[in-house]
Amino acid sequence: MDPNEIIARLQLLAEQFAGELQNQPTEQAIRDLQAAYLSKKGKLGELQQSLGKVEPAQRKVVGQAFNQAKQAIVQSVSEAIETLVKKAEDVYLNEYFDVTLPGRLPLRGTMHPISIAMYDIVDVFTSMGFDVAEGPEIETDEFNFAKLNFPDDHPARDMQDTLFIEEGKTLLRTHMSPVQIRSLLDRPLPVQVVAPGAVYRRDDDPTHSPMFFQIEGLLVDKGVHFGHLKGVLNTFIHQVFGADVQMRVRPSFFPFTEPSVEVDIQCIYCKGAGCRLCSQTGWIEILGAGMMDPNVLEGVGIDSEVYSGFAFGLGVDRVSMLRYEGISSIKLFYENDPRFLERFWR
Ligand code: FA5
């Protein structure tokens, strides 16, 4: 067969392909067109079968012409797809993207309100000479209860209140007071520490969360008395809630302190007049405290005739709810809704 005729027909097919390629509306249509020319049974494929009828000496030239034509088709297919994508982007940018609109700032992360309160409170105590102490969230029954003078049948040990890992042995700490024991065992006297951390209980209502945060305070030295405790707590309350906020101390009971008290602050919303937040009493409880029970001191090898101390434990969530007006449920702290957390950016 005449090689020139094959090459002429090849050129004709190439021109025909170029013409058809112009108006393909989608990437799929372009790929179908490519297949119609380049697949085995495609237009070029059929013509290529005539290569066998060409004189062997001239086959090389004709073969090269086929290769060039195929490469040109592949190249123009990828260019056509690129043009199509670019066109779609332009349509999107023009129709849906108004470059004249002012930009929107991306949402910025903020410190969590509980963390803000923890840092602020710890700062107040470190400025009074307290060191920061730590303990594990998974505690032993011994440190969480026994060494703190809890009798075996104390209700807090009950499955209702405590999240046990292995009953009677390990648990999620129910309060920060075990850090009292750890600090007294680990540090030389005098000991003056605050311990911030997460604690766990089987509690769940608008003011009680199953996980919440406490800050424990402890001071053990010679000659420590109740006046020191009141002085430290008064300073804390004035620094955190304002110099005009009054505090009051009510008798209470904790197994590890004697005497034990609960400390209320004057309601910061109604200033003591009585409102819904303070159940019309004018006061809100924020912490438990007391003088270290001599049994606890003796239990860690400290002579209670020589040394005395005080301890307190405050609920950080409670303090945050009081600091920021309008927090109706403790759950808001733990849902991590950015619309809520944004309020605390500073
Ligand atoms: C205690 O946990 C004692 N360890 C505090 C203490 C320390 C007393 C040292 C004496 C000496 P209480 O169970 O009352 O005490 O808890 C202390 C504070 O934690 C409460 O005043 C309250 O503010 C907060 N609290 C208690 N349960 C929850 C809860 N489920 N959710 C949020 N806050 C809570």
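Residues numbered from 1 in each chain as written. Predicted model: local features only at pLDDT ≥ 70, side-chain atom pairs only at ≥ 80, totals over all residues. Heavy atoms only, no water.

Caption draft 1: Quick peek at the nonpolar core. Counting residues in each nonpolar core, the largest one holds 52 residues, and the members touching the most others are F236, F241 and F312. At eight residues, helix α5 (residues 113-126) tops the list of elements feeding residues into this core. The contact partners of F241, leaving out residues within four places of it in the chain, are I265, I268, I286, V319, L322 and R323. Counting residues in each nonpolar core, the second largest holds 26 residues, with A133, F150, I181 and V296 among its members. (Core = buried A, V, L, I, M, F, W, Y, C linked by side-chain atoms within 4.5 Å. Buried < 20%, exposed > 50% of the residue type's maximum accessible area, 1.4 Å probe, protein only. Helix = DSSP H or I, 4+ residues; strand = E, 2+ residues; numbered from the N terminus. Contact = heavy atoms within 4.5 Å.)

Caption draft 2: Local environment of the layout of surface pockets. Of the volumes computed, that of the largest pocket is approximately 830 Å³. Along the walls of the largest pocket sit 38 residues, with H175, R201, F212, Q214 and F254 positioned nearest its centre. Of all the secondary-structure elements, those providing two or more residues to the lining of the largest pocket are β6 (211-222), β7 (247-254), β8 (257-266), β9 (283-292), β10 (307-315) and α10 (316-323). Along the lines of polarity and charge, the residues of the lining of the largest pocket split into 16 nonpolar, 14 polar and eight charged. Along the wall of the second largest pocket there are 17 residues; nearest its centre are T207, L277, M321, L322 and I327. Among the secondary structure elements, those contributing two or more residues to the lining of the second largest pocket are β9 and α10. Its residues assigned to classes, the lining of the second largest pocket shows ten nonpolar, three polar and four charged. (1 Å grid on protein atoms, 1.4 Å probe; cavity = no way out; pocket = protein on both sides within 12 Å on 5 of 7 lines; lining within 4 Å. Points joined across faces, edges and corners; volume = space filled by probe spheres on them. Nonpolar A, V, L, I, M, F, W, Y, C, P; charged D, E, K, R; others polar.)

Caption draft 3: Spotlight on the site of the ligand. Taken together, 25 residues surround the ligand, and among them H175, S177, R201, D203 and E285 come closest. Contact between the ligand and S177: a nitrogen atom at 2.9 Å from a side-chain N or O atom of the residue. D203 is positioned with one of its side-chain polar atoms (N or O) 2.9 Å from a nitrogen atom of the ligand. Coverage of the ligand by the protein amounts to 93% of the 680 Å² it exposes when considered alone. Under a 2 Å grid-point criterion requiring more than half of the atoms, the pocket assigned to the ligand is the largest pocket. Elements with a minimum of two residues in the shell around the ligand: β6, β9 and β10. Among the elements that take part in the shell around the ligand, β9 stands out by supplying five residues, more than any other. Its residues assigned to classes, the shell around the ligand comprises nine nonpolar, eleven polar and five charged. (Near = heavy atom within 4 Å. Polar contact = N/O pair within 3.5 Å; in protein donor to acceptor, adjacent residues only side chain to side chain. Areas by Shrake-Rupley, 256 points an atom, 1.4 Å probe, with all protein chains shown as cover. Sits in = over half its atoms within 2 Å of the grid points.)

Caption draft 4: Expanded view of empty space enclosed by the protein. Across all of its chains, the model carries one cavity of 30 Å³ or more by this definition. Put simply, the largest cavity is a space of about 30 Å³. Lining the largest cavity are D244, V245, Q266, C267, I268 and K271. Taken together, the residues of the lining of the largest cavity break down into three nonpolar, one polar and two charged.

Caption draft 5: Main features of the domain arrangement of the protein chain. What the domain assignment reports for the protein chain is domain 1 (3-95) and domain 2 (113-344). A C-alpha centroid distance of 80 Å is found between domain 1 and domain 2. (Domains from an automatic or database assignment.)

Caption draft 6: Just the pairing of β9, in detail. The buried fraction of β9 amounts to eight of the ten residues, a majority that puts the element mostly inside the structure. One ladder, built from eight bridges, connects β8 with β9; its direction is antiparallel. The residue bridging S260 from the neighbouring strand is G290, located in β9. Bridging between β9 and β10 involves five bridges; their strand directions are antiparallel. Bridging across to β10, L287 finds its partner in L314. (Pairing = 2+ DSSP bridges.)

Caption draft 7: Up close: the sheet that holds strand β3 (residues 164-166). Read across the sheet, three strands follow the order β2-β4-β3 without closing on themselves; strand pairing throughout is antiparallel. The open sheet is flanked by β2 (138-140) and β3, the only strands paired with a single partner. When the angles between neighbouring strand axes are averaged without regard to direction, this sheet yields 35°. Alignment of β3 against strand β4 (residues 170-172), held across two bridges, turns out to be antiparallel. The residue of β4 that forms the bridge with E166 is T170. (Axes fitted to C-alpha atoms, helices over the stretch in contact; angles between N-to-C directions.)

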